[in-house]
Amino acid sequence: MAARSSAARAGAAVPDLLTIGQVLARLKPEFPDLSSSKLRFLEERELVTPVRTASGYRKFSAADVERLRVVLGLQRDHYLPLKVIKEYLADLDAGREPVLPGGGDAPKPSILGRERRYTRDETVRAAGATPMLLSDAVSASLLPAADTYGDDGVAVLRALVELQRTGIEPRHLRTMRSVAEREVGLIESALMPVSRRGDATSRAKAAELAREIAGHLEIIRSNLIRAAIGRLDA
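Rules used in this analysis
Residues numbered from 1 in each chain as written. Predicted model: local features only at pLDDT ≥ 70, side-chain atom pairs only at ≥ 80, totals over all residues. Heavy atoms only, no water. Helix = DSSP H or I, 4+ residues; strand = E, 2+ residues; numbered from the N terminus. Buried < 20%, exposed > 50% of the residue type's maximum accessible area, 1.4 Å probe, protein only. Salt bridge = Lys/Arg side-chain N within 4 Å of Asp/Glu carboxyl O. Core = buried A, V, L, I, M, F, W, Y, C linked by side-chain atoms within 4.5 Å. Contact = heavy atoms within 4.5 Å.

Enquirer: Can you help me understand unusual backbone geometry in this one?
Expert: Note: most peptide bonds trans; most residues except glycine with negative phi. Even without a glycine there, the phi angle at Glu46 is positive, about 65 degrees. Among the secondary structure elements, Glu46 is positioned in the loop between α3 (36-44) and β1 (51-52). Residues other than glycine seldom take positive phi values, yet Ser141 does so here, at roughly 65 degrees. Inspection of the secondary structure puts Ser141 in the loop between α7 (131-139) and β4 (148-149). For Ser141, a relative accessible area of 34% puts it in the partly exposed group.

The structure is reproduced here in C-alpha coordinates:
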(Lines give C-alpha, C1' and ligand atoms only; values in the text may rest on other atoms or scores of the structure.)
Protein backbone atom coordinates (compact mmCIF):
# COMPACT_ATOMS: atom_id res chain seq x y z
CA MET A 1 0.00 0.00 0.00
CA ALA A 2 1.32 3.45 -0.79
CA ALA A 3 2.90 5.30 2.09
CA ARG A 4 0.79 7.87 3.87
CA SER A 5 1.82 11.51 4.02
CA SER A 6 3.45 12.72 7.22
CA ALA A 7 0.72 15.31 7.56
CA ALA A 8 -1.93 12.61 7.57
CA ARG A 9 0.04 10.55 10.07
CA ALA A 10 0.28 13.59 12.28
CA GLY A 11 -3.48 14.01 12.23
CA ALA A 12 -3.69 16.98 9.87
CA ALA A 13 -7.04 17.55 8.19
CA VAL A 14 -7.37 15.25 5.18
CA PRO A 15 -10.60 15.33 3.17
CA ASP A 16 -12.84 12.31 2.73
CA LEU A 17 -11.42 10.25 5.59
CA LEU A 18 -13.92 8.00 7.37
CA THR A 19 -14.26 6.86 10.95
CA ILE A 20 -14.47 3.17 11.74
CA GLY A 21 -18.21 3.59 12.26
CA GLN A 22 -18.63 5.13 8.81
CA VAL A 23 -16.64 2.30 7.25
CA LEU A 24 -18.90 -0.23 8.95
CA ALA A 25 -21.96 1.62 7.64
CA ARG A 26 -20.61 1.37 4.10
CA LEU A 27 -19.55 -2.27 4.19
CA LYS A 28 -22.10 -3.94 6.47
CA PRO A 29 -24.84 -4.13 3.80
CA GLU A 30 -22.46 -6.28 1.75
CA PHE A 31 -20.78 -8.03 4.71
CA PRO A 32 -23.37 -8.27 7.51
CA ASP A 33 -21.00 -10.05 9.94
CA LEU A 34 -18.42 -7.26 9.81
CA SER A 35 -17.62 -5.62 13.14
CA SER A 36 -15.21 -3.02 14.51
CA SER A 37 -13.25 -5.86 16.10
CA LYS A 38 -12.92 -7.52 12.69
CA LEU A 39 -11.61 -4.27 11.21
CA ARG A 40 -9.07 -3.92 14.02
CA PHE A 41 -8.05 -7.54 13.49
CA LEU A 42 -7.44 -6.88 9.78
CA GLU A 43 -5.36 -3.87 10.74
CA GLU A 44 -3.30 -6.01 13.15
CA ARG A 45 -2.65 -8.42 10.26
CA GLU A 46 -1.55 -5.42 8.11
CA LEU A 47 -4.23 -5.96 5.49
CA VAL A 48 -5.20 -2.31 5.77
CA THR A 49 -3.35 0.64 7.28
CA PRO A 50 -5.65 3.50 8.32
CA VAL A 51 -4.12 6.81 9.34
CA ARG A 52 -4.24 7.89 12.96
CA THR A 53 -5.29 11.29 14.24
CA ALA A 54 -3.35 13.08 16.96
CA SER A 55 -5.87 11.60 19.42
CA GLY A 56 -5.21 8.09 18.13
CA TYR A 57 -8.48 7.59 16.23
CA ARG A 58 -8.43 5.50 13.06
CA LYS A 59 -9.32 7.23 9.80
CA PHE A 60 -9.92 5.31 6.57
CA SER A 61 -9.58 6.60 3.02
CA ALA A 62 -11.80 5.57 0.11
CA ALA A 63 -8.92 3.36 -1.08
CA ASP A 64 -8.84 1.68 2.35
CA VAL A 65 -12.56 0.92 2.09
CA GLU A 66 -12.16 -0.64 -1.37
CA ARG A 67 -9.16 -2.64 -0.15
CA LEU A 68 -11.25 -3.94 2.75
CA ARG A 69 -14.01 -4.87 0.32
CA VAL A 70 -11.51 -6.94 -1.68
CA VAL A 71 -10.12 -8.65 1.45
CA LEU A 72 -13.57 -9.47 2.80
CA GLY A 73 -14.77 -10.63 -0.61
CA LEU A 74 -11.79 -12.97 -1.03
CA GLN A 75 -12.48 -14.42 2.41
CA ARG A 76 -16.18 -14.89 1.82
CA ASP A 77 -16.19 -15.97 -1.82
CA HIS A 78 -12.88 -17.82 -2.14
CA TYR A 79 -12.24 -18.95 1.46
CA LEU A 80 -8.66 -17.72 1.33
CA PRO A 81 -6.63 -17.29 4.53
CA LEU A 82 -5.40 -13.78 5.33
CA LYS A 83 -1.77 -14.77 4.77
CA VAL A 84 -2.55 -15.69 1.17
CA ILE A 85 -4.68 -12.58 0.65
CA LYS A 86 -1.88 -10.39 2.03
CA GLU A 87 0.63 -11.90 -0.42
CA TYR A 88 -1.85 -11.48 -3.28
CA LEU A 89 -2.40 -7.80 -2.48
CA ALA A 90 1.34 -7.22 -2.06
CA ASP A 91 1.83 -8.48 -5.61
CA LEU A 92 -0.91 -6.14 -6.85
CA ASP A 93 0.68 -3.23 -4.99
CA ALA A 94 4.01 -4.04 -6.66
CA GLY A 95 2.42 -3.81 -10.10
CA ARG A 96 2.46 -7.53 -10.77
CA GLU A 97 -0.49 -9.59 -12.02
CA PRO A 98 -0.75 -12.49 -9.59
CA VAL A 99 -3.00 -15.46 -10.22
CA LEU A 100 -5.78 -15.66 -7.69
CA PRO A 101 -4.98 -18.72 -5.52
CA GLY A 102 -7.50 -21.43 -6.21
CA GLY A 103 -9.34 -19.12 -8.56
CA GLY A 104 -8.51 -20.84 -11.83
CA ASP A 105 -10.00 -18.81 -14.65
CA ALA A 106 -12.42 -16.98 -12.38
CA PRO A 107 -12.38 -13.18 -12.72
CA LYS A 108 -9.96 -11.38 -10.42
CA PRO A 109 -11.47 -9.16 -7.74
CA SER A 110 -11.10 -5.47 -8.45
CA ILE A 111 -10.02 -2.91 -5.89
CA LEU A 112 -11.99 -0.40 -7.92
CA GLY A 113 -15.40 -1.99 -7.55
CA ARG A 114 -17.62 -4.69 -6.16
CA GLU A 115 -18.12 -8.18 -7.47
CA ARG A 116 -20.78 -8.29 -10.13
CA ARG A 117 -24.10 -9.92 -9.25
CA TYR A 118 -26.02 -11.88 -11.87
CA THR A 119 -29.74 -12.57 -12.05
CA ARG A 120 -30.74 -16.19 -12.57
CA ASP A 121 -31.15 -15.63 -16.32
CA GLU A 122 -27.81 -13.82 -16.53
CA THR A 123 -26.13 -16.61 -14.57
CA VAL A 124 -27.48 -19.20 -16.98
CA ARG A 125 -26.32 -17.20 -20.03
CA ALA A 126 -22.88 -16.42 -18.59
CA ALA A 127 -22.28 -20.11 -17.82
CA GLY A 128 -23.65 -21.36 -21.15
CA ALA A 129 -26.12 -23.47 -19.17
CA THR A 130 -29.87 -24.04 -19.19
CA PRO A 131 -32.45 -23.03 -16.58
CA MET A 132 -32.99 -26.74 -15.91
CA LEU A 133 -29.33 -27.27 -15.08
CA LEU A 134 -29.42 -24.38 -12.62
CA SER A 135 -32.53 -25.85 -11.01
CA ASP A 136 -30.86 -29.26 -10.80
CA ALA A 137 -27.79 -27.68 -9.18
CA VAL A 138 -30.00 -26.05 -6.56
CA SER A 139 -31.87 -29.32 -5.96
CA ALA A 140 -28.55 -31.12 -5.44
CA SER A 141 -27.47 -28.38 -2.96
CA LEU A 142 -24.53 -27.45 -5.18
CA LEU A 143 -25.82 -23.88 -5.42
CA PRO A 144 -28.13 -21.99 -3.08
CA ALA A 145 -31.66 -21.08 -4.06
CA ALA A 146 -31.17 -17.37 -4.75
CA ASP A 147 -32.35 -14.57 -7.00
CA THR A 148 -28.78 -13.48 -7.81
CA TYR A 149 -25.37 -15.15 -7.97
CA GLY A 150 -21.78 -13.94 -7.97
CA ASP A 151 -18.80 -14.99 -10.07
CA ASP A 152 -18.41 -18.16 -8.00
CA GLY A 153 -21.96 -19.20 -8.85
CA VAL A 154 -21.25 -18.71 -12.55
CA ALA A 155 -18.02 -20.73 -12.22
CA VAL A 156 -19.85 -23.62 -10.50
CA LEU A 157 -22.58 -23.68 -13.12
CA ARG A 158 -20.02 -23.50 -15.92
CA ALA A 159 -18.22 -26.50 -14.40
CA LEU A 160 -21.51 -28.38 -14.26
CA VAL A 161 -22.05 -27.66 -17.96
CA GLU A 162 -18.70 -29.30 -18.77
CA LEU A 163 -19.39 -32.24 -16.45
CA GLN A 164 -22.76 -32.76 -18.08
CA ARG A 165 -20.98 -33.27 -21.40
CA THR A 166 -19.31 -36.35 -19.86
CA GLY A 167 -22.55 -37.70 -18.45
CA ILE A 168 -22.06 -36.40 -14.90
CA GLU A 169 -25.24 -34.72 -13.68
CA PRO A 170 -25.77 -32.57 -10.55
CA ARG A 171 -27.64 -35.45 -8.88
CA HIS A 172 -24.45 -37.52 -9.08
CA LEU A 173 -22.67 -34.89 -6.96
CA ARG A 174 -25.06 -34.81 -4.01
CA THR A 175 -22.47 -36.55 -1.81
CA MET A 176 -20.13 -33.59 -2.27
CA ARG A 177 -22.47 -31.53 -0.10
CA SER A 178 -22.36 -34.20 2.63
CA VAL A 179 -18.57 -34.30 2.48
CA ALA A 180 -18.41 -30.51 2.77
CA GLU A 181 -20.72 -30.57 5.80
CA ARG A 182 -18.54 -33.20 7.48
CA GLU A 183 -15.50 -31.01 6.90
CA VAL A 184 -17.32 -28.05 8.41
CA GLY A 185 -18.00 -30.24 11.45
CA LEU A 186 -14.28 -30.94 11.75
CA ILE A 187 -13.51 -27.23 11.50
CA GLU A 188 -16.10 -26.33 14.14
CA SER A 189 -14.61 -28.88 16.53
CA ALA A 190 -11.12 -27.51 15.98
CA LEU A 191 -12.33 -23.96 16.62
CA MET A 192 -14.11 -24.66 19.90
CA PRO A 193 -11.19 -23.56 22.15
CA VAL A 194 -11.19 -20.16 20.41
CA SER A 195 -14.85 -19.64 19.60
CA ARG A 196 -16.13 -20.50 23.08
CA ARG A 197 -14.49 -17.34 24.43
CA GLY A 198 -17.32 -15.39 22.84
CA ASP A 199 -15.68 -11.97 22.47
CA ALA A 200 -15.55 -10.20 19.12
CA THR A 201 -11.79 -10.52 18.71
CA SER A 202 -11.93 -14.27 19.31
CA ARG A 203 -14.73 -14.60 16.76
CA ALA A 204 -12.61 -12.79 14.18
CA LYS A 205 -9.64 -15.05 14.90
CA ALA A 206 -11.88 -18.12 14.71
CA ALA A 207 -13.19 -17.05 11.30
CA GLU A 208 -9.64 -16.63 9.99
CA LEU A 209 -8.52 -19.96 11.45
CA ALA A 210 -11.54 -21.63 9.82
CA ARG A 211 -10.42 -20.41 6.41
CA GLU A 212 -6.87 -21.60 7.02
CA ILE A 213 -8.09 -25.08 7.99
CA ALA A 214 -10.38 -25.14 4.94
CA GLY A 215 -7.40 -24.29 2.75
CA HIS A 216 -5.37 -27.17 4.20
CA LEU A 217 -8.27 -29.58 3.68
CA GLU A 218 -8.56 -28.42 0.07
CA ILE A 219 -4.88 -29.20 -0.52
CA ILE A 220 -5.31 -32.72 0.87
CA ARG A 221 -8.50 -33.33 -1.11
CA SER A 222 -6.91 -32.16 -4.37
CA ASN A 223 -3.85 -34.31 -3.77
CA LEU A 224 -5.98 -37.41 -3.15
CA ILE A 225 -7.88 -36.82 -6.39
CA ARG A 226 -4.67 -36.31 -8.37
CA ALA A 227 -3.22 -39.49 -6.88
CA ALA A 228 -6.34 -41.44 -7.84
CA ILE A 229 -6.20 -40.10 -11.39
CA GLY A 230 -2.55 -41.07 -11.53
CA ARG A 231 -3.50 -44.66 -10.77
CA LEU A 232 -5.93 -44.59 -13.70
CA ASP A 233 -3.07 -43.64 -16.00
CA ALA A 234 -0.83 -46.43 -14.71
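Enquirer: Would you explain the pattern of salt bridges in this entry?
Expert: Under the criterion given, the structure shown has eleven salt bridges. The salt bridge partner of Arg67 is Asp93, with a shortest N-O separation of 2.8 Å. You can see Arg67 sitting in helix α4 (residues 62-78) and its partner Asp93 sitting in helix α5 (residues 82-93), a full 26 residues away along the chain. In this structure, the salt-bridge partner of Arg221 is Glu183, at a minimum N-O distance of 2.4 Å. On the criterion of sequence distance, the pair formed by Arg221 in helix α10 (residues 200-233) and Glu183 in helix α9 (residues 174-195) is long-range, its members being 38 residues apart. Owing to a relative accessible area of 28%, Arg221 belongs among the partly exposed residues under this scheme. Shared partners join several salt bridges into a network, and the residues in it are Glu30, Glu66 and Arg69.

Enquirer: I tried to follow the nonpolar core on my own but got confused; where do I start?
Expert: Counting residues in hydrophobic clusters, the biggest one holds 24 residues, and the most contacted among them are Val23, Leu27, Leu68 and Ile85. The set of elements that each furnish at least two residues to this core consists of α2 (20-27), α3, α4 and α5. Setting aside residues no more than four positions away along its own chain, Val23 makes contact with Leu18, Leu39, Phe60, Val65 and Leu68. Formed by 14 residues, the second largest nonpolar core is a distinct cluster that contains Ala127, Ala129, Leu134 and Leu160.

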